[in-house]
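# Working through the structure, step by step
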Amino acid sequence: AEKSAFKDKMFSQDSLQTLAWTNIEGTDSLRISDFHGEFVVVDFWANWSDASLESHKQLAKLKTQYADTLEVLAASVSLQQAEVTEYMQQHQFPFHFVAGSRYFSDLNIPGLPAQLMYDPNGSLEHVFLGYPGPSQYDSLRVMITNGKQ
């Protein structure tokens, strides 16, 4: 019930696309609206979550496959900057790494990993909680493929 209530709440908010996400590697910030015209996945993750790592491996494949139409904001939760930097260097994922703890808390996200998927118009299309396996991203692949035609 908690997950269902969370998803309903997320779909009823349209302010997320204008939130400023602090870039881990600099002082600038990013907004979902900065990537208008592209699909955006906001991925809440932590380095202690094996599911987060497996999810990142699949997202990295998609990002490579759809480099021009997909952006990933990897929002770290409860990690020090040094931990995120080490993870970035170790895995070399093609994502925008941003600080996510505040929004994770503000939004009452019920666990990690969690992904919010936006279409090129900035509309929230899917909310994924947890990571059951690679098939989770089939819907994203279909959306991107259909959107490119």
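Remember, it's a predicted structure, so these values are computed and weren't measured experimentally.

The buried fraction of strand 3 (residues 39–45) is high, at seven of seven residues. Residues of strand 3 alternate between two faces, with Phe39, Val41, Asp43 and Trp45 on one and Val40, Val42 and Phe44 on the opposite face, all of them buried. Relative to strand 4 (residues 70–76), strand 3 is paired through seven bridges, and the arrangement is parallel. Among the inter-strand pairings, Phe44 is bridged to a residue of strand 4, identified as Ala75. For the segment spanning strand 3, helix 2 (residues 50–65) and strand 4, crossover handedness is right-handed. Inspection of the sheet shows strand 3 paired to strand 6 (residues 114–118) by five bridges, in the antiparallel sense.

Take the side chain of Gln115 next. One can find Gln115 in strand 6. A distance of 3.3 Å separates the side chain of Gln115 from the side chain of Tyr137, its partner in a polar contact.

This brings us to the sheet that holds strand 5 (residues 96–99). Read from one edge to the other, the open sheet built from five strands follows the order 5-4-3-6-7, with strand pairing classed as mixed. Only two strands of the sheet have a single neighbouring strand rather than two, namely strand 5 and strand 7 (124–129). Across this sheet, the average inter-strand angle for adjacent strands is 20°, counted without regard to direction. Lying on the sheet, helix 1 (residues 2–12) is in contact with strand 6 and strand 7; it crosses strand 7 at an angle near 155°.

Looking now at the nonpolar core. Membership of the largest hydrophobic core comes to 26 residues, with the highest contact counts inside it found for Trp21, Val42, Phe44, Leu73 and Leu116. Looking at this core, the elements that each hand over two or more residues are helix 1, strand 3, strand 4, helix 4 (101–106), strand 6 and strand 7. Counting residues in each nonpolar core, the second largest holds 25 residues, with Ile24, Val41, Tyr66 and Phe93 among its members.

A few words on unusual backbone geometry. Each neighbour pair has its own omega, and for Leu112 with Pro113 the value is -10°, a cis peptide bond. Mapped onto the secondary structure, Pro113 falls in the loop between helix 4 and strand 6. A positive phi is found at Gln92, a non-glycine position, where the angle reads about 55°. Mapped onto the elements of the fold, Gln92 is located in the loop between helix 3 (81–91) and strand 5. With a relative accessible area of 58%, Gln92 lands in the exposed category. Despite not being glycine, Asn108 has its phi angle at roughly 55°, a positive value. Note on placement: Asn108 falls in the loop between helix 4 and strand 6. The exposed category is assigned to Asn108, whose relative accessible area is 54%.

This part takes up the pairing of strand 6. Buried residues dominate strand 6, accounting for five of its five residues. Strand direction decides the pairing type here: strand 6 and strand 7, joined by five bridges, are antiparallel. Paired with Gln115 across the strands is Phe128, a residue of strand 7. The loop that links strand 6 with its antiparallel partner strand 7 comprises five residues; one of these, Gly122, has a positive phi angle of about 85°.

About the criteria used
- Residues numbered from 1 in each chain as written.
- Predicted model: local features only at pLDDT ≥ 70, side-chain atom pairs only at ≥ 80, totals over all residues.
- Heavy atoms only, no water.
- Buried < 20%, exposed > 50% of the residue type's maximum accessible area, 1.4 Å probe, protein only.
- Helix = DSSP H or I, 4+ residues; strand = E, 2+ residues; numbered from the N terminus.
- Pairing = 2+ DSSP bridges.
- Right-handed = clockwise from strand over helix to strand, strands pointing away.
- Polar contact = N/O pair within 3.5 Å; in protein donor to acceptor, adjacent residues only side chain to side chain.
- Axes fitted to C-alpha atoms, helices over the stretch in contact; angles between N-to-C directions.
- Contact = heavy atoms within 4.5 Å.
- Core = buried A, V, L, I, M, F, W, Y, C linked by side-chain atoms within 4.5 Å.

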